[in-house]
Amino acid sequence: MKRKIHVVPHSHWDREWYFTTSRSKVYLMKDLKDVLDTLERKEEFRYFMLDAQASLLDDYIKWMPQDEERIKKLVRDRRLIIGPWYTQTDQLVISGESIVRNMYYGMKRCDEFGGYMNVGYVPDSFGQSGNMPQIYREFGIEDTLFWRGVSDDMAAKTDFNWRGDDGSVVFATQIPFGYYIGGNIPENSKENAEFWIRECLEKAGKRSATKHIYFPNGFDQAPIRTNLPELIQERNKIDNENEYVISCIEDYIKDVKNEKPKLEEVQGELVIAKHMRIHKSIFSSRSDLKTMNTRIQNYVVNIMEPLLFLSYRMGNDYPHKTVEEIWKLLFENAAHDSIGSCISDTANEDVYVRYKQAEDLAVNLVELHSRLIASSVKNQADMTFTVINTLPEKREDTVLIKTYIPGENFAIFSEKGNQLDYTIIKSRDLTDYVLSQTIKLNPSRKFYVPDRVLEAVIAIKTEDVPALGYVQYFLETKEDGHIPMKKAEKLENEFYKITIAENGSLIITDKVSQTVYENQAVLVENGDDGDSFNYSPPRKDMEIYSTDAPFAYKISQSDIYGKMQIDLHMVIPKDLEEREKGNVSVSMPVRMEVGLRKGSKIIDFKVDVDNKGLSHRLCVLFDSQIVSKFNYADEQFGSIKRPNYYEKEMNLYMEGQKNRIEKKAGMQELANWANDQSSWQEPPIAIEPTQTYVSLTDGKSGIAVFPQGVREYEIMEDRKIRLTLFRTYGFMGKENLIYRPGRASGERIIETKDAQLQKKMEFTFGFTSYAGGINTANIDTLAKTYNSPLEVYTYSEFLNGRLIFSQMEKEGTRQQRMSLFETENHLVVSAVKKAEAGDGLIIRLYNGKDHQKVKDTLKFYNPISEAYYTNLKEEKIETIEIQNNTIKVKELSHCKFVTIYVK
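Let me sum up the structure you'll find in this document.

Cut-offs applied
Residues numbered from 1 in each chain as written. Predicted model: local features only at pLDDT ≥ 70, side-chain atom pairs only at ≥ 80, totals over all residues. Heavy atoms only, no water. Helix = DSSP H or I, 4+ residues; strand = E, 2+ residues; numbered from the N terminus. Rg over C-alpha atoms; globule rule 2.2 N^0.38 Å. Buried < 20%, exposed > 50% of the residue type's maximum accessible area, 1.4 Å probe, protein only. Contact = heavy atoms within 4.5 Å. Areas by Shrake-Rupley, 256 points an atom, 1.4 Å probe, with all protein chains shown as cover. Pairing = 2+ DSSP bridges. Axes fitted to C-alpha atoms, helices over the stretch in contact; angles between N-to-C directions.

Description of the overall build of the protein chain
Summing up its helical and strand segments, the protein chain has 17 helices and 47 strands in all. Relative to the 2.2 N^0.38 estimate, which gives 29 Å for 903 residues, the radius of gyration of the protein chain is 29 Å and therefore close to what a compact globule would have. Expressed along its principal axes, the backbone C-alpha trace of the protein chain runs to roughly 95 × 65 × 50 Å. Looking at the protein chain as a whole, 63% of its 903 residues qualify as buried. The contacts in the protein chain between residues at least 6 apart in sequence include a share of 77% that link residues at least 24 apart. For the protein chain, the computed accessible surface area is about 34600 Å², with 46% contributed by carbon and sulfur atoms.

Written out as structure tokens, the structure reads:
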């Protein structure tokens, strides 16, 4: 059979890795200019693909604006292939909204240059999310081409159909030997002939479903091979049994489809590392930066965007360009190596700076627009607390805020005149400092100035907070509504009673089900012989449990909030060498704070660690006290049910070994596998990522953990959730790990001292127990609420000044409460934001239940004139009927999402 070899010239452009973004941008100036020169000079050089990243165009044009028209012409002529991404995003750690915005802004930017490649090209991301087919389809993309996650046990051919977890199907081509296999074509005639036979025909084309072979010509930061047309021409002369062409992905896919091959189908999440590395534990590399990513992603989507739209509906400007800048900073960090943190310390410093910039912009946008909302309300009180709810559901949460309050007795009242309970958790006197910051823009204006000012953390039990709106409470100094904290023997609210056991673990009594959960929140420390890509246990490990450590504790409680503080003195090995000898010498102080709010079904945890150990890991264990072979977590736009142990895959890679060892042998089994690798690149370990929760249930009862830092877990003994808090390591890449035998990933000579995380760190997460199954417990919507806390903006005129920037005072005219719309809280709210074009509102909802169809109703409290479903480009798809300012959302099946435009 005559084969057609599609030689696709490209450069896989990591914006940072063992080098910094600055270095890659400097070299981009030369390499992309060489591409433009070559394409203009050689018509026979038909295509060059720019790694599907629109951000590279922005980087280049910023310093080379004179070339913008050259780029546009080559893009319009379909010679320079760009997009559809903004950056080459990760798909497992990064949120669904981040992935969607990445492609949206990428397509938008590429359209300004002349169009984009309509293929989901993902050459190097470490696994494929199970909901990517639906995301692609909603962008109008029917095809994807990627490298990692599929083995020949799943599909015999490298062209196949991929069915997502929601049922959406896209055509897929896998690059079986990576994006670089054809990157180094030798010019010596003998070596050249051997190269084409070995690398192209025998390897790249071995499992193709048709006569067409995808053969990428490029590699990391590859310069254009200017004589590629001549090399192809020469090859066609030598091998007249096959045809060699300079091609592009879209042409390759078109040719394959034209042959109408019978295609196999793979399903769901693709993370099997038989033929290529997945780095399945990269989810916790540089845990400090992963924590920042989690926090900022949640804040931007759950707080900032809906709050900005609320402010916009009240007549304030919507900061489109600032929001876009925030997202683009996050996209730079979402690139697979950057979010993976498998980069040098210097490059990770740049990642940190981008997170800091994004967070600073987001926090200050929220502060300004919260102030604009608060100051627009008609209220003559001396001090106000404006509670802003960014979820479309009514709430009565107990909320913790850090704010300034008078250093005298006061009470807080709702707009209805009801006195609200509050507790001062801690405070310090800052009278002189705060009052010296006041700026009297109108010295004639008289206003309230307290005698003393405290900076305080307070808990407020809110009342009747409207759905996606605000309510303004006020302070009255003539009364005292403070409920003080008192020493207690236990924490307790409507749902739980929590005590501390003799070994320092928690005993959690679920008051609803009367189930007692013992040995909870146990910390376990062990060694990490891995690197920036993979956690890997030492060949001789030692586990240190918090239950074996001395501890002290204290408990204090008010009617609305309680806190337990446990100080643990864990002594651990100083490094891997000491661990191997079974010795311990380093003190690692740990403080665990357990918080319990009135009305909350979730117990709050905060773990403060002063890390002084090297190359180790710290996790926390929660025991479900049931047995289940599967666990539940969430992925982008839906739930995912995973096995606790990949038995089928484990058996596959163990085939052929002489010394079979029972599964229960655990680490010994993996150690033997490391010495006899068979054909697997990494063992199919069950260390997993999640988006907002992980749960174990037998259908009768269950527990769930809600990570707000590192979102990585493992199920132990089919009953315990092991949540990673942090891990540390000293090198970018290492060789011959138990969990990744053979060559090093990355650069083995690059030390990563910063990744040892020798500093104080803080990690937060939540815990809940429940009766029934995962669906009846509504863990999906509970997680969304937990990650969307009420915003409270405190204002009094004495604060107007340097503390918050001075503004002219104005008299508010709006009522003390407002609500935009409300749902029945059946579907999970993914996004509420202003539409990218026009004045309307974009609402994205998804079914977070496990294989249960769900619908919802949206009730608006202002007249609406138009509603319709859109695709992810926010283009109209289908009109939605409006009745009495209410719309009914169509029934969604498992993992389905919808985007709705409302005007």
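From this point, the narrative continues.
Focus on the sheet that holds strand S46 (residues 886–892)
In space, the three strands of this open sheet follow the order S40-S43-S46, with antiparallel pairing throughout. The outermost strands of the open sheet, each flanked by one partner alone, are strand S40 (821–823) and S46. Put simply, the sheet's adjacent strands are angled 15° from each other on average, direction ignored. Pairing analysis gives three bridges linking S40 to strand S43 (residues 854–860), with the strands arranged antiparallel. Residue pairing across strands places Thr-823 opposite Leu-858, the latter belonging to S43.

Observations concerning the pairing of S43
In terms of residue burial, S43 counts as a mostly covered element, since five of its seven residues are buried. Note that S43 and S46 share five bridges and pair antiparallel. For Val-854, the partnering residue across the bridge sits in S46 and is Leu-892.

A word on the sheet that holds strand S26 (residues 561–572)
The strand order across the open sheet built from ten strands is S18-S25-S26-S27-S28-S37-S34-S33-S30-S31, with neighbouring strands paired in antiparallel fashion. Both outer strands of the open sheet, strand S18 (486–487) and strand S31 (638–643), are each paired with one neighbouring strand and no more. Across four bridges, the pairing between strand S33 (residues 694–697) and strand S34 (residues 701–707) is antiparallel. From the neighbouring strand, Thr-697 faces S34, where its bridge partner is Gly-702.

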